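# Examining the three-dimensional arrangement
If you want the building blocks of each chain, they are given just below.
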Amino acid sequence: QVQLVESGGGLVQAGGSVRLSCAASGRTFRNYVMGWTRQAPGKERDFVAAISWSGVTTYYADSVKGRFTISRDNAKNTVYLQMNSLKPEDTAVYYCAATQRSIYSVRLQGFDYWGQGTQVTVPS
């Protein structure tokens with residue numbers, strides 16, 4: 001099992017940038033496909049991005065493609081989400097997520113572990 005703790009959220013002006021971090025516990029971090037999901041008020045939790053254990057393969061939701069970048073540092077047990085050109089519709093609680101399934105199944109089957117979430121607010 002892996003435990004996840006997010007940090008880096010806050011209030012960001014439209015067009016601005018912020019980087020989220022997620023620290024994972026355990027020595028098997030590199031065995032996990034990592035990702036980010038988000039939940040806006042009154043909406044379901046949506047997939048945002050995923051990254052393979054090696055960092056070579058990444059997937060993004062269409063709504064964030066070209067603006068967000070997911071990366072990981074296996075030596076630090078940390079995954080990041082760099083968020084640029086933020087829009088008010090990016091306002092949500094962002095959750096770090098992990099799974100030992102293949103990255104190719106993540107978008108259909110989702111993740112197995114989540115952090116507590118960090119709020120990102122982009123005022124209109």
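Preceding block: the structure.
Note that the structure is predicted; figures quoted are calculated from it, not measured. (Residues numbered from 1 in each chain as written. Predicted model: local features only at pLDDT ≥ 70, side-chain atom pairs only at ≥ 80, totals over all residues. Heavy atoms only, no water.)

### Points about the packing of aromatic side chains
Quick note on the threshold: Any two of the Phe, Tyr and Trp rings considered here, Trp counted by its six-membered ring, make a pair once their centres fall within 6.5 Å; the pair's planes then place it as stacked at under 30 degrees, edge-to-face at over 60, or tilted in between. Secondary structure elements are defined from DSSP: runs of H or I of at least 4 residues count as helices, runs of E of at least 2 residues count as strands, and each element is numbered from the N terminus. Exposure is judged per residue with a 1.4 Å probe applied to protein chains only, and the accessible area is read against the type maximum: over 50% gives exposed, under 20% gives buried, and values in between give partly exposed. To sit over a ring, a charge needs its Lys NZ or Arg CZ within 6 Å of the ring centre and within 35 degrees of the ring normal.
Applying the stated rule across the entire model yields 2 aromatic pairs. Aromatic side chains Tyr-32 and Tyr-113 sit 6.1 Å apart centroid to centroid with 75° between the ring planes, which places their arrangement in the edge-to-face category. Highlighted residues: Tyr-32 in the loop between strand E3 (18–24) and strand E4 (33–39) and Tyr-113 in strand E10 (residues 113–114), separated in sequence by 81 residues. Relative accessible area serves as the criterion here: at 2%, Tyr-32 is assigned to the buried category. Using a relative accessible area of 24% as the deciding quantity, one classes Tyr-113 as partly exposed. Geometrically, the ring pair formed by Tyr-59 and Tyr-104 is edge-to-face, given 6.2 Å between the ring centres and 70° between the ring planes. Linking Tyr-59 in strand E6 (residues 58–60) with Tyr-104 in the loop between strand E9 (92–99) and helix H1 (106–109), this pair joins segments that are 45 residues apart in sequence. Directly above the aromatic system of Tyr-95 lies the positively charged group of Arg-45, at a separation of 3.6 Å from the ring centroid.

### Side note on the sheet that holds strand E8 (residues 78–83)
The condition is simple: The rule for pairing is simple: two strands pair if DSSP sees at least two bridges between them. Structural elements are reduced to axes, namely lines fitted to C-alpha atoms, with helices fitted over the stretch in contact, and the angle between N-to-C directions of any two is expressed from 0 to 180 degrees.
Pairing is antiparallel in the open sheet, where 4 strands are placed in the order E1-E3-E8-E7. The sheet is open, and its two edges are formed by strand E1 (4–7) and strand E7 (68–73), each paired on a single side. The average undirected angle you get between the axes of adjacent strands in this sheet is 15°. By the bridge criterion, 6 bridges tie E7 to E8 in an arrangement that is antiparallel. Considered in E8, the bridge of Arg-72 is made with Val-79.

### Some thoughts on unusual backbone geometry
Of note, Asn-77 is a non-glycine position whose phi angle comes to about 50°, a positive value. Here Asn-77 lies in the loop between E7 and E8. The phi torsion at Ser-85 lies on the positive side, around 50°, for a residue other than glycine. The residue Ser-85 is located in the loop between E8 and E9 in this model. The exposure class assigned to Ser-85 is partly exposed, which follows from its relative accessible area of 40%.

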